[in-house]
Amino acid sequence: MGVSSRYAEAWEGYWKDTPVAPGAAIWDCDAALSAEPHMELFAPYLGAGTLPMVDLGCGSGTQTRYLAKRFGRAVGVDFSAAAVEYARQCDPDGLAEFRRLDASDAAAMQRLHTELGDAHVYMRGVIHQCEGAARPAVAQAVGTLVGGRGRAFVVELLSEAKSVLREAAEGDGGPPPKLASVFAHGLTPGEVDDASVPELLCGAGLSVLARGRIELVMTEHRPDGSRMDLPAQWLVVGR
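The paragraphs below set out a description of the structure included in this document. Bear in mind the structure is a predicted one, so any value in this text is a computation, not a measurement.

Structural notes on the sheet that holds strand E5 (residues 151–157)
Read from one edge of the open sheet, seven strands run E3-E2-E1-E4-E5-E7-E6, paired in mixed fashion. Pairing within the sheet leaves two strands with one partner each, and these edge strands are strand E3 (97–100) and strand E6 (207–216). Adjacent strand axes in the sheet meet at a mean angle of 20 degrees, parallel and antiparallel pairs treated alike. Along the sheet face, helix H9 (residues 196–203) touches E5, E6 and strand E7 (230–238) and points at about 20 degrees away from the line of E7.

Overview of the side chain of His185
In this fold, His185 is placed in the loop between helix H8 (177–184) and H9. On the accessibility criterion, His185 (18% relative accessible area) is buried. Within the structure, His185 has its side chain in polar contact with the backbone oxygen of Gly13 (distance 3.3 Å). Looking at His185, its side chain comes within polar contact range of the main-chain oxygen of Ser181, at 2.8 Å. In this view, His185 contacts Ala10, Gly13, Tyr14 and Asp17; residues no more than four positions away in its chain are not counted.

Re the environment of Gly238
Looking at where Gly238 falls in the secondary structure, it is placed in strand E7. Judged by its relative accessible area of 0%, Gly238 falls in the buried class. As a C-alpha pair, Gly238 and His120 span 118 residues in sequence and 9.2 Å in three-dimensional space. Not counting chain neighbours up to four residues away, the residues in contact with Gly238 comprise Gly150, Arg151, Leu206, Ser207 and Leu209.

Thresholds applied
- Residues numbered from 1 in each chain as written.
- Predicted model: local features only at pLDDT ≥ 70, side-chain atom pairs only at ≥ 80, totals over all residues.
- Heavy atoms only, no water.
- Pairing = 2+ DSSP bridges.
- Helix = DSSP H or I, 4+ residues; strand = E, 2+ residues; numbered from the N terminus.
- Axes fitted to C-alpha atoms, helices over the stretch in contact; angles between N-to-C directions.
- Contact = heavy atoms within 4.5 Å.
- Buried < 20%, exposed > 50% of the residue type's maximum accessible area, 1.4 Å probe, protein only.
- Polar contact = N/O pair within 3.5 Å; in protein donor to acceptor, adjacent residues only side chain to side chain.

Everything listed here is a matter of coordinates, which is why it stays silent on function.
Printed below as a string of structure tokens:
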């Protein structure tokens, strides 16, 4: 189906305006605080054999590079050309592969599955940022990529994260710089209710194999110096 021009322009603008530096994006934390502990939760569900890993909505590619070291082959996918270029600049050694593909484009996801075969999927904070009409298609992309043998690890904000963001935005001096950049580009995090995430994934023919609560680690800080992590849920899904 593809994303709207307004949404595409917002993300292109965001990544073009974000300095190419570790942690410059508000969610671009070190993999030791994100993909690495997530994979420890994921490991019991991966089964035997080796499948490639797809980082769906890879952004800067920080997590993708870690996944490439762990799984041998990791493909970072993002619909933003600026994000993919950013990720490649951050990966001079070519640890991972990066593709400009729209996860809501069913034909593109089917072609990727045809190329890779069944894959594992890592998706961190994507559905809550999607346009409403695209969310079922993104969930279906997960189902397409995992096929019959793969599994997906999905992390999405809980609704209570909005109050954390609101508190930060309304504090003395307004939102801190990295959060201000998100708002300035018209991006609206946390716009999905908690039950919708598993419902969307189940609607794509997947089953929830495990789930729990977790903090989505941010690189922004409050005035008191504490990190502004956001409450989130994690799910392992597959067939």
